[in-house]
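Understanding the architecture of this molecule
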Amino acid sequence: MHTIDIPDKGNRQRVVIIGGGFGGLKLAKKLKSDRFQVVLIDKNNYHLFVPLLYQVATAAIEPSAIFFPFRKIFRDREDFHVRICVAERVVPEQNVLETSIGALEYDYLVIATGSSSNYFGNDQLPKTTMALKDTSEALYNRNKILESFELAQNTVRPEEIDPLMTFVIVGGGPTGVELAGALAEMRNYILPKDYPDLDLSRMHIVLVDAGTRLLSAFQEKSSQEAQKYLEKKGVKIQLNTRVENYENGQLILGDKSTLSTANVFWVGGVQANGLEGFPKEVYGHGNRLQVDEYSRVKGYQNIFAIGDTSLMTLKDYPKGHPQLVQPAQQQGARLADNLYRLEKGKSLQPFVYHNRGIMATIGRNHAEVELPHPNIRFGGFMGWTVWLFIHLMNTLGVKNKIFVFFDWVWSYFTRDPSLRLIIKPLVKGDAKDEHEKDPDSQGKKV
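As a starting point, this report considers the structure included with it. As the structure is a computational prediction, the values presented were derived from the model and not from experiment. (Residues numbered from 1 in each chain as written. Predicted model: local features only at pLDDT ≥ 70, side-chain atom pairs only at ≥ 80, totals over all residues. Heavy atoms only, no water.)

1. As for the packing of aromatic side chains
Here is the rule we go by: In summary, the pairing rule links any two rings of Phe, Tyr or Trp, Trp by its six-membered ring, whose centres are within 6.5 Å, and it sorts them by plane angle into stacked for under 30 degrees, edge-to-face for over 60 and tilted for everything else. Counting from the N terminus, the helices are DSSP H or I runs at least four residues long and the strands are E runs at least two residues long. Burial classes: relative accessible area under 20% of the type maximum marks a residue as buried, over 50% as exposed, and values in between as partly exposed (1.4 Å probe, protein chains only).
Scanning the model with the defined rule gives 12 aromatic pairs in all. Between tyrosine 46 and phenylalanine 67, the aromatic rings sit 5.0 Å apart at their centres with planes inclined by 35°, giving tilted as the arrangement. With tyrosine 46 in strand S3 (residues 46–48) and phenylalanine 67 in strand S4 (residues 67–69), this residue pair connects regions lying 21 residues apart in the sequence. Here tyrosine 46 and phenylalanine 67 have matching classes, each one buried.

Structural data, given as structure tokens:
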């Protein structure tokens, strides 16, 4: 394997960061010393603000408003390099990372590869359900949602309308309740204007979770309020319900009952994105790399893991820190400090997680917010405004903040976001349009 062309690092130590998510980006932004040459590796050329992906999927905000190019973030940094590729394998004995574009030597390697949807060993579900972890999935979901109404509008078979207008969300965590609330808002305020000929009373939103309550990481009162709000908006909630499979338009549940639907969103948990080259015993629960209190991968002195892909088991967190934005950013910041300390010959400082609270929005004028110090929880309009402010401030770039703020203000006062576009990828060559592939779709009268 050839070597990636990176300028000579001189007297600097090379820090290779795999992943430009919240943890990797925080680390990269803090490593500004002349002591380091930083190489950021990611499969995309932008940072993605994942918490607002569901709003892209439900046509509430512009897709570009939650992306920010790495090269723009770091364009004024000296000896900082971005390479768009996929990390494939690490060779710790040689301090070499193998990627899809070649091999790269490192002095320090930081694995911040994040997580992906967890299908709990079912190989069929990734092929048949809709996930919500990256840009392409969000845009695909938006197309699928809108196309379902177009097909329902034009179908000549009444028995096909109900599956097209039934939306099932598997997973009752923050993403699940946020997505359910957004779909309910669409049904109640937007779709009646766009599809006056459709009987929208036939649109069903079903939220399925295997647990005993929604938002299991929140206090029980928050869970109850979230469920009550969603039910008031017409969302059907099925708790203590496990999903077995989804095939041929049928969602098969644990009790062998079925739901007929053409739209299944899978937000039922995550698992870490691993990296080949480590022995099996290095991996812990959820495919996460086991690390010590300094974020070092166990058994290695110069390889670190932060964020969703790391498993730091401590007394207060026996199953590791939650796979959320806060721990990832705090681990990235602490690791930057420790890399400086390493270069200065100082002892490392252990990571201590400072929980600043959790929140989830459920719809217009309602969110659940919990703060640990002091132990305060609140919801409703106040929670919703806090959620809006925090997410707006964490969006990268002044222009992006303005775009997101404008979209929110426009939608709030008009109840009519103007982003309901079906944008399909260009297919060249011998590929046919979907309608051309289906002979039954030709010559139908509407």
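2. Overview of the packing of helix H10 (residues 380–394) against helix H11 (residues 398–414)
Our working definition: Angles here are taken between N-to-C directions and fall from 0 to 180 degrees, while the axes themselves are lines fitted to C-alpha atoms, restricted in helices to the stretch in contact. By the definition adopted for this analysis, an angle is roughly parallel if under 35 degrees, roughly antiparallel if over 145, roughly perpendicular if from 65 to 115, and oblique otherwise. Whether two residues are in contact is decided by their heavy atoms: any pair within 4.5 Å suffices. Throughout, the ten residues Ala, Val, Leu, Ile, Met, Phe, Trp, Tyr, Cys and Pro are labelled nonpolar, Asp, Glu, Lys and Arg are labelled charged, and all others, Gly among them, are labelled polar.
With their axes 9 Å apart at the nearest point, H10 and H11 run at an angle of 155° to one another. The angle between the axes of H10 and H11 places the two elements in the roughly antiparallel class. When H10 is examined against H11, the residues Phe381, Trp384, Trp387, Leu388, His391, Leu392 and Met393 are found in contact with a partner set consisting of Lys401, Val404, Phe405, Trp408 and Tyr412. Residues that form the contact of H10 with H11 fall into these classes: 10 nonpolar, 1 polar and 1 charged.

3. Some details on the sheet that holds strand S22 (residues 358–363)
Basically, it comes down to this: Following DSSP output, two strands are said to pair if at least two bridges run between them.
Spatially, S22-S23-S24 is the arrangement adopted by the 3 strands of the open sheet, whose pairing is antiparallel. Here the strands that pair on one side only, and so sit at the sheet edges, are S22 and strand S24 (376–378). Neighbour-to-neighbour, the strand axes of the sheet open up by a mean angle of 5°, direction not taken into account. Where strand S23 (residues 366–371) meets S24, 3 bridges bridge the pair, whose relative direction is antiparallel. Considered in S24, the bridge of leucine 371 is made with isoleucine 376.

4. Description of the packing of helix H1 (residues 22–30) against helix H9 (residues 325–343)
Under the convention used in this document: By convention, the crossing between two helices is left-handed when the near helix turns anticlockwise from the far helix through less than a right angle, and right-handed when the turn is clockwise.
At a closest axis distance of 7 Å, the pairing of H1 and H9 adopts a crossing angle of 30°. The orientation of H1 with respect to H9, classified from their angle, is roughly parallel. Along this stretch, H1 crosses H9, giving a crossing that reads as right-handed. Residues Phe22, Gly23, Lys26, Leu27 and Lys30 of H1 form the contact with H9, whose participating residues are Val325, Ala328, Gln329, Gly332, Ala333, Leu335, Ala336, Asp337, Leu339 and Tyr340. Of the residues belonging to the contact of H1 with H9, the class tally is 9 nonpolar, 3 polar and 3 charged.

5. Observations regarding the side chain of arginine 296
We apply this condition: Here a polar contact is recorded for every N or O atom pair within 3.5 Å, except that within protein the pair must consist of a potential hydrogen donor and a potential acceptor, and residues adjacent in sequence are included only if both atoms are side-chain atoms.
Within the secondary structure, arginine 296 sits in the loop between strand S19 (289–290) and strand S20 (303–305). Within the structure, arginine 296 has its side chain in polar contact with the side chain of glutamine 301 (distance 3.1 Å). Among residues more than four places away in sequence, those in contact with arginine 296 are Gln290, Val291, Gln301, Ile303, Phe304 and Leu348.

6. Quick look at the side chain of serine 295
Within the element layout of this structure, serine 295 appears in the loop between S19 and S20. You can call serine 295 buried: its relative accessible area is 2%. Once residues lying within four places of it in the same chain are set aside, the contact partners of serine 295 are Ile303, Phe304, Ala305, Ile306 and Met312.

7. Focus on a nonpolar patch on the surface
As a reminder of what qualifies: In this scheme, patches are assembled from residues that exceed 30% relative accessible area and form no salt bridge. Like charges are connected within 9 Å, while nonpolar side chains (Val, Leu, Ile, Met, Phe, Trp, Tyr) are connected within 5 Å. Note on areas: Shrake-Rupley with a 1.4 Å probe; residue coverage comes only from the protein chains shown. The term salt bridge refers to a pairing of a side-chain nitrogen on Lys or Arg with a carboxyl oxygen on Asp or Glu at a separation within 4 Å.
Together, Phe389, Ile390 and Met393 line one region of the surface with nonpolar side chains, adding up to about 290 Å² of accessible area. When you line up the elements, isoleucine 390 lands in helix H10.

8. Considerations on the sheet that holds strand S12 (residues 204–208)
Read from one edge of the open sheet, 4 strands run S13-S12-S11-S17, paired in parallel fashion. Strand pairing shows two members of the sheet lacking a second neighbour, strand S13 (235–238) and strand S17 (263–266), which therefore form its edges. Here the strands of the sheet are splayed against their neighbours by 20° on average, with no regard to which way each runs. In the packing of helix H8 (residues 220–232) onto the sheet, the strands contacted are S12 and S13, and the crossing angle to S13 comes to about 135°.

9. What about the nonpolar core?
Heads up, the condition is: Only buried Ala, Val, Leu, Ile, Met, Phe, Trp, Tyr and Cys residues count toward a nonpolar core, and they belong to the same one when joined by side-chain atoms within 4.5 Å.
Of all hydrophobic cores here, the largest spans 63 residues; its most connected members are Ile66, Phe149, Ile169, Leu183, Leu207 and Leu230. Here this core gets 9 residues from one element, more than from any other, and that element is helix H7 (residues 174–194). Look past the residues within four positions of leucine 207 in its chain and what remains in contact with it is Ile169, Gly171, Gly172, Gly176, Val177, Ala180, Leu214, Leu230, Val235, Lys236, Ile237 and Gln238.

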